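# Remarks on the overall topology
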Amino acid sequence: MPGFINKNNIITNVIQQEYHDLNHLNKGGNFVKKRVKRDPYAWESIISIIALIFFISLSIVKYGTDPQIPILLGVLVASLVAVRAGFSWDEIETGMLNGITNSLQAVTILSFIGILIGVWIQSGVVPTMLYYGLKVLDPSFFLPATVVICSIASLATGTSWGTAGTIGIALIGIGEGLGFPLPIVAGAVLSGAYFGDKMSPLSDTTNLAPAMVGTDLYTHIRHMTYTTGVSMGLTLVIEIILSFFYGGGEGNLAAVNLIISGLDKQFYISPVLLLPPAIVMLLAYKRIPALPGITAGIFSAAIIGSICQGNGFNDILSVSWSGYVSNTGTEVIDSLLSKGGFESMLYTISIIICAMMFGGIMEQTNQIRVVVNKVLQKANSARSLITVTILTAIGANLILCEQYMSIVMTGKMYSQAYRDKGLHAKNLSRALEDSATVTANLVPWNSGGAYMAGTLGVPTIAYLPFNFFCWLSPLVSLFFGWFNITIHPTDETDEISKATQSGIITAGDQVAVLGKYPDQDSFVSMK
């Protein structure tokens, strides 16, 4: 009947349309249920996280094996969770590949650092640094001096990775010669390196953190001085106390003299050999990208080494791949100088690739996001919000295995919550640096921890207890949050506009920083 609407027909059409939305016809004309993609449940995501931690802990603590295969088992569990949530294999694979792609710049830098170490030893750069360092540094103040030296170097260059890979290696050798346990020396090196990295306006993380949350660079640095100053003060006090226990002694002085004489016999020692590290630091200070700066350090050392040590082109090529092997017959010197080369970094690179596969899946399939959103529901005060921010950033370093991903993910997820609570964005950026930046090197399978262990020759677990600055920083930040110390509200003057108008920063600076990370997931830079 024209104009008559059949209610049953309408209901039937709606049901059929919904059925077609959820299903598709196979070749035989039969309806087959389509897979419906959804966000993983929080408990599913937690299974992936627990699986990774369980497999790695079991392999390292119980069996003493390497972490690569356990990480891949974690990748398998995360993939199964993603499949259960309706994600296709193509999407899971895309996540893995994105994770690996994000690590490629760090992997490249790591490879070049390995070459640099080998060439610097062969050319006499590292031996010269050891020689003069052993003559100047006294055991009674070596540890606090190490922290200060690395702090200055990292402040000037903005890079903890570069500081550890150059000056840090020399200080490790000096410390061993002075009779200090290597984990303690490595802890002092990293404490200084990450202090400078965190506070330097040249550091990429120091620029990234405020850019992600909506404040400016210098407001961020000023706000960090409160927590960072306390953390560094406590670190120096501890290092001075440790120096009383390990510094001095005739046995140490005898070992130092043995090393000095051995270096003098094996290498031509001259201040001119300090030119390559000076070049690297100058280029870093000038904000020349990492790879060109490292390459300049390699070529300058190779040229000077050819002149001063008589190294041939074949010798340079050999040591670039397999590292330098010292054969003086003196065990302490041979252990100090037998290292470096591209080959020496392959183990660390394999850890980074496996770890980034896991992190990529967790990011691509929203497994991290659902856990954080669940946690955010419990953050009802400024105290609890700062607490969950710090814990989330540390957790992201454990799971995503990359500090940059940790900074971006945590910053973006909590920035609105800070605004809702009436908290200034600089509180969030400080919490990010107090946690994500400094704790990455404390995780063996994180790119930071893997790099530092490979570069300094000290396992991450071994130096972790002695890297005082890096584990004190989040604790101090939590203390400031709990007792509302220097936690500033948003009713202050808009400091970005104020800084821009006064000429401290320009609008272009802000755009440049934000433009450097347009999609917040495709950046890895030298630390």
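Quick caveat, the model's predicted, so the values are computed rather than measured.

Below, the discussion takes up the overall build of the protein. When you go through the protein residue by residue, the secondary structure sums to 25 helices and two strands. In the protein, which comprises 527 residues, the proportion classed as buried is 54%. In the protein, the share of contacts with a sequence separation of at least 24, taken over all contacts with a separation of at least 6, comes to 79%.

Glancing now at the confidence of the model for the protein. Chain-level pLDDT for the protein is 79 on average; 83% of the residues reach the 70-or-more range. The spread of mean pLDDT over the elements of the protein runs between helix α25 (residues 507–516), the lowest at 38, and helix α23 (residues 468–482), the highest at 95. A low-confidence stretch, residues 14–22 (pLDDT under 50), is modelled with six contacts involving residues beyond four sequence positions or located in other chains. Considering only residues more than four positions removed or in separate chains, one finds that residues 492–527, a stretch of pLDDT under 50, has 73 contacts.

This part takes up the pattern of salt bridges. Tallying each qualifying case throughout the model produces four salt bridges. In this structure, Glu91 and Lys37 form a salt bridge, with 2.6 Å as the shortest nitrogen-oxygen distance. With a gap of 54 residues between them, Glu91 in helix α4 (residues 89–123) and Lys37 in the loop between β2 (31–33) and α2 (42–62) connect regions that are remote in the sequence. A salt bridge links Glu44 to Arg84; the nearest nitrogen and oxygen atoms lie 2.5 Å apart. Here the residue Glu44 occupies a position in helix α2, and Arg84 occupies one in helix α3 (residues 68–84), the gap between them amounting to 40 residues. Accessibility expressed as a relative area gives 1% for Glu44, which makes it buried. Taking relative accessible area as the criterion, Arg84 reaches 54% and is therefore assigned exposed. The structure contains a network of salt bridges with shared partners spanning Arg38, Glu44 and Arg84.

The rules behind these values
Residues numbered from 1 in each chain as written. Predicted model: local features only at pLDDT ≥ 70, side-chain atom pairs only at ≥ 80, totals over all residues. Heavy atoms only, no water. Helix = DSSP H or I, 4+ residues; strand = E, 2+ residues; numbered from the N terminus. Buried < 20%, exposed > 50% of the residue type's maximum accessible area, 1.4 Å probe, protein only. Contact = heavy atoms within 4.5 Å. pLDDT = per-residue confidence, 0-100. Salt bridge = Lys/Arg side-chain N within 4 Å of Asp/Glu carboxyl O.

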